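Coordinate analysis (summary)
The lines below spell out each chain.
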Amino acid sequence: MSTIKTVGSYEGFVELCSGYRGYNPGSPNLTVSALRELSVKARQTLEAFNVAKSEMSRVTNDREIAFAGLPKLVSGISFALAASGASEQTMKDVRAFLRQMTSRKKSRDPIPSGQSTEPESNRPFSQRGYEAMTNHFAQLVQLVSLEPKYQPNEAHLTLAGLQEAVSNLRSLNQAVNDARATLSHARLALRQVISGEVNSVVTTARAAKKYLRSVYGLNSNEYSQVRKIKFNKTFW
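Quick caveat, the model's predicted, so the values are computed rather than measured.

Our focus in this paragraph is the overall build of the protein chain. Assigned secondary structure in the protein chain consists of eight helices and zero strands. When the elements of the protein chain are put in sequence order from the N terminus, they spell out α-α-α-α-α-α-α-α. In the protein chain, of all internal contacts separated by at least 6 residues, the share reaching a separation of at least 24 is 72%. Surface exposure of the protein chain reaches about 13400 Å², of which carbon and sulfur atoms provide 50%.

As structure tokens, this is what we get:
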């Protein structure tokens, strides 16, 4: 049973218990008020987890979109440098960064400055990891900043534009790290509420079912309503 179904089943189970005459358990955590309080807590914790999961998807997508355009931007920098008359040594360093970001393997003959360096579509990163890609790009921007001949007019290729791009990539990485931590905490909280060892949905519902059987009997109408409701510790 999924966590969503478990929460829904528990909410229905609580409503059944609240309607039984004579339902008066001695255990404080099995009273109707305690069951309802746990029901509200489970629903709120599930919703918090869903919010954290959605936020994780959003920031991950934002980062993927930003990094997908990085090889093309590096290619534009390469051509802008070549057009400005940068030294061959500078171009060699730039082409090295381009290989790192586009999985282009170094050939025996260096890639000439005039050769197209447009990245192939769907080409995976050679050095996987967004942090590594950000670091490579930041180093490239630092290299470009030392070239006095590099003076493009295009806003996204200017030094200020490139520095802004570095800052944006770092912000995206941090946003994903923050969202991942929030999601991890939300998942842990939900797991504890649903299937923890003490006063969780599963342990409480199982105990309440045992109480119902002891009070009303195995073949009673009351127990027959809840006997098939399963509360397993399966967590997705």
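What follows is about the nonpolar core. Among the nonpolar cores identified, the biggest contains 34 residues, and Tyr10, Phe13, Tyr23, Val201, Leu212 and Phe231 are the most heavily contacted of them. Among the secondary structure elements, those contributing two or more residues to this core are helix H1 (3–18), helix H2 (32–68), helix H6 (159–195), helix H7 (201–216) and helix H8 (221–226). It is H2 that contributes the most residues to this core, eight residues altogether. Aside from chain neighbours lying at most four places away, what touches Leu212 is Phe13, Cys17, Tyr20, Tyr23, Gly217, Tyr223 and Val226. In terms of nonpolar packing, the next biggest core, distinct from the first, is built from 27 residues, Val74, Leu81, Val94 and Leu172 among them.

Per the stated rule, a full pass over the model turns up five salt bridges. One salt bridge in this structure joins Arg36 and Glu15, with 3.9 Å as the shortest N-O distance. Of this pair, Arg36 sits in helix H2 while Glu15 sits in helix H1, placing them 21 residues apart in sequence. Shared partners join several salt bridges into a network, and the residues in it are Glu55, Arg58 and Asp62.

Within the secondary structure, Ser18 is located in helix H1. In this structure, the C-alpha to C-alpha distance between Ser18 and Arg36, residues 18 residues apart in sequence, is 9.0 Å. Non-local contacts of Ser18, meaning those with residues more than four positions away in its chain, are made with Val32 and Arg36.

Bringing the packing of aromatic side chains into the picture now. According to the stated counting rule, one finds six aromatic pairs in the structure shown. Centroid distance Tyr10 to Phe231: 6.4 Å. Interplanar angle 80 degrees. Geometry classified as edge-to-face. Note that Tyr10 is positioned in helix H1 and Phe231 in the segment after H8, a separation of 221 residues in sequence. Considered together, Tyr10 and Phe231 belong to a single accessibility category, that of buried residues. Ring geometry for Phe67 versus Tyr130: centroids 4.7 Å apart, planes at 75 degrees, classification edge-to-face. With a gap of 63 residues between them, Phe67 in helix H2 and Tyr130 in helix H5 (residues 130–145) connect regions that are remote in the sequence. An aromatic cluster is built from Tyr10, Phe13 and Phe231, whose rings are joined through pairwise contacts.

To continue, consider the packing of H2 against H6. For the pair H2 and H6, the least separation of the axes is 8 Å and the interaxial angle reads 160 degrees. Taken together, H2 and H6 sit at an angle that is classed as roughly antiparallel. As H2 runs across H6, the sense of the crossing is left-handed. For the contact of H2 with H6, the class distribution of residues is 21 nonpolar, four polar and seven charged.

Here is what the cut-offs are and how they apply
- Residues numbered from 1 in each chain as written.
- Predicted model: local features only at pLDDT ≥ 70, side-chain atom pairs only at ≥ 80, totals over all residues.
- Heavy atoms only, no water.
- Helix = DSSP H or I, 4+ residues; strand = E, 2+ residues; numbered from the N terminus.
- Contact = heavy atoms within 4.5 Å.
- Areas by Shrake-Rupley, 256 points an atom, 1.4 Å probe, with all protein chains shown as cover.
- Core = buried A, V, L, I, M, F, W, Y, C linked by side-chain atoms within 4.5 Å.
- Buried < 20%, exposed > 50% of the residue type's maximum accessible area, 1.4 Å probe, protein only.
- Salt bridge = Lys/Arg side-chain N within 4 Å of Asp/Glu carboxyl O.
- Phe/Tyr/Trp six-rings, centres within 6.5 Å; stacked < 30°, edge-to-face > 60°.
- Axes fitted to C-alpha atoms, helices over the stretch in contact; angles between N-to-C directions.
- Parallel < 35°, antiparallel > 145°, perpendicular 65-115°, else oblique.
- Left-handed = near helix turned anticlockwise from the far one by under 90°.
- Nonpolar A, V, L, I, M, F, W, Y, C, P; charged D, E, K, R; others polar.

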